[in-house]
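Here's the letter readout for the chains.
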Amino acid sequence: MAEFVRVEVAGQIATIRLDRPKMNALNGQVQREIAEAARAVDADPAVHAVVLYGGERVFAAGADIKEMATMSYADMALHSRTLQDCFTAVARIGKPVIAAVTGYALGGGCELALCADFRVAGESARLGQPEIQLGIIPGAGGTQRLPRLVGPSRAKDLIFSGRHVAADEALAMGLVDRVVPDAEVYTAALEWAATFADGPTVALRAAKQAVDQGLETDLDTGLEIERLQFSGLFATEDARTGMTAFAEKSRPKFSGR
């Protein structure tokens, strides 16, 4: 069993819960456990949406600096692959993923939140990429996912300065999608996830893949990705259910097939 990361499933929503006191530092073991949890919820047909949560006080304060400080270039050349693979596993969960951000989401913690589709932050949350202050740069996707989300200029501001961003500024720049009172963060994320729970899971996966893969390529290739995903959905039971329900003016009950 995982020691620091657990998966809790209720009502078709899985919570990937980080629990490594005090600050959920992302050492190698936590990284591997996150990847295992991500692959498990992705493969579980009973899970229709996912919440990433670090607890009431902190999301994740970043990588374990004490662990990294002893690493040589050769060590990190190997470890950085594991680090990126861990976060990529979260980004590739083929279901809607909402990060519930409380307290600090810094460095690797911010990069983990960037892997979600949406981010709900508490009013006192602080996000940032402070790696430059250690003489290094983000290594778990921050230089790539952050500019794709907020634009290159804002991303460079955060990465070059290493400054922490308050929740209201994070909302204004698009780094988070909603800001709620601190005590309501997890509930708000669950409620958002619940809006997807009864949806057509095959179509939701296709939509997520089309958007994410399309962002990595040119427009023509992206349109072809969309066309293939769109056409393929006409082979699903959910598509027939949805269109029949529309014609009959009834509420569809999707089966995920």
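These lines cover the structure that appears in this document, whether it is placed above or below. What you see as residue numbers is a count from 1 along each chain, following the sequence as written. Given that the model is predicted, a residue must reach a pLDDT of at least 70 before its local features are reported, and side-chain atom pairs must reach 80 or more before they are shown or counted; all residues, however, enter totals for whole chains, interfaces and linings. With hydrogens and water stripped out, all remaining heavy atoms of the structure feed into the side-chain values.

Regarding the environment of Ala245
- Comment: elements are numbered from the N terminus, with helices defined as DSSP H or I runs of at least four residues and strands as E runs of at least two. Tracing the sequence through the fold places Ala245 in helix H11 (residues 237-248).
- Burial classes follow relative accessibility: with a 1.4 Å probe on protein chains only, a residue under 20% of its type's maximum area counts as buried, one over 50% as exposed, and anything between as partly exposed. Since its relative accessible area comes to 5%, Ala245 is described here as buried.
- Linking Ala245 and Glu67, residues 178 residues apart in sequence, is a C-alpha distance of 55 Å.

Notes on the pairing of strand E6 (residues 118-122)
- Of all the five residues making up E6, four are buried; the element is thus mostly covered by neighbouring parts of the structure.
- Here the rule is simple: two strands pair whenever DSSP picks up at least two bridges between them. Note that strand E4 (residues 97-101) and E6 share four bridges and pair parallel. Directly across from Ala100, in E6, lies its bridge partner Val120.
- Of the pairings in the sheet, the one linking E6 to strand E9 (residues 178-180) comprises three bridges and is parallel in character. Residue pairing across strands places Val120 opposite Arg178, the latter belonging to E9.

Things to note about the environment of Asp44
- Checked against the element boundaries, Asp44 lands in the loop between helix H1 (28-43) and strand E3 (49-53).
- When its relative accessible area of 28% is taken as the criterion, Asp44 is described as partly exposed.
- Here the side chain of Asp44 touches Ala46 through a polar contact of 2.9 Å, landing on its backbone nitrogen. Polar contact criterion, stated in full: a pair of N or O atoms within 3.5 Å, where within protein one must be able to donate a hydrogen and the other to accept it, and residues adjacent in sequence count only if both atoms are side-chain atoms.

With respect to the nonpolar core
- By nonpolar core we mean a set of buried residues, namely Ala, Val, Leu, Ile, Met, Phe, Trp, Tyr and Cys, connected to one another through side-chain atoms within 4.5 Å. In terms of nonpolar packing, the biggest core is built from 48 residues, with Ile34, Leu52, Phe59, Val101, Leu127 and Leu175 touching the most fellow members.
- Setting aside residues up to four positions removed in sequence, Ile34 forms contacts with Val5, Leu18, Leu26, Cys86, Val90 and Leu112.
- In this structure, Val51, Tyr53, Val120 and Ala189 belong to the second largest nonpolar core, which totals 14 residues. Contacts were defined at the residue level, with two residues in contact if any of their heavy atoms lie within 4.5 Å.

Here's the deal with the side chain of Glu33
- If you trace the backbone, Glu33 turns up in helix H1.
- It turns out Glu33 is buried and unbridged, and the closest side chain with the opposite charge, Arg32, is 7.4 Å from it.
- Apart from residues no more than four positions distant in its own chain, Glu33 is found in contact with Ala2, Glu3, Phe4 and Val5. Under the convention used here, Asp and Glu are negative, Lys and Arg are positive, and both His and the chain ends fall outside the count. Salt bridges, as used here, are contacts in which a Lys or Arg side-chain nitrogen is within 4 Å of a carboxyl oxygen on Asp or Glu.

Re the pairing of strand E1 (residues 5-10)
- Bridging between E1 and strand E2 (residues 13-18) involves six bridges; their strand directions are antiparallel. Looking across to E2, one finds that Ala10 is bridged to Ile13.
- Taking the residues that link successive antiparallel strands as the turn, the E1-E2 hairpin has two residues, and the phi of Gly11 there is positive, at about 60°.

Let's talk about the pattern of salt bridges
- Following the criterion strictly, the structure yields ten salt bridges and no others.
- With its nearest N and O atoms 3.2 Å apart, the salt bridge here joins Glu216 to Arg148. One end of the pair, Glu216, is in the loop between helix H9 (201-214) and helix H10 (219-232); the other, Arg148, is in helix H5 (residues 142-150), with 68 residues separating them in the sequence.
- Residue Arg148 is classed as partly exposed on the basis of its relative accessible area, which comes to 45%.
- Among the salt bridges present, the one from Glu224 reaches Arg227, with a minimum N-O distance of 2.6 Å. With Glu224 and Arg227 both in helix H10, this residue pair falls three residues apart, about one helical turn.
- Residue classification places Glu224 among the partly exposed positions, given a relative accessible area of 33%.
- With a relative accessible area of 44%, Arg227 lands in the partly exposed category.
- Each of Arg6, Glu8 and Asp19 takes part in one network of salt bridges that share partners.

With respect to the sheet that holds E4
- What the six strands build is an open sheet, ordered E1-E2-E3-E4-E6-E9; its pairing is mixed. Looking along the sheet, the strands with just one partner apiece sit at the ends: E1 and E9. For this sheet, the mean inter-axis angle between neighbouring strands, taken without regard to orientation, is 20°.
- Where E3 lies against E4, four bridges are found, and the strand directions are parallel. By the bridge assignment for E4, Leu52 is matched with Ala99.
- Lines fitted to the C-alpha atoms define the axes, with helices restricted to the stretch that makes contact. Angles between their N-to-C directions range from 0 to 180 degrees. On the sheet, H1 packs against E1, E2 and E3 and is oriented at approximately 25° with respect to E1.

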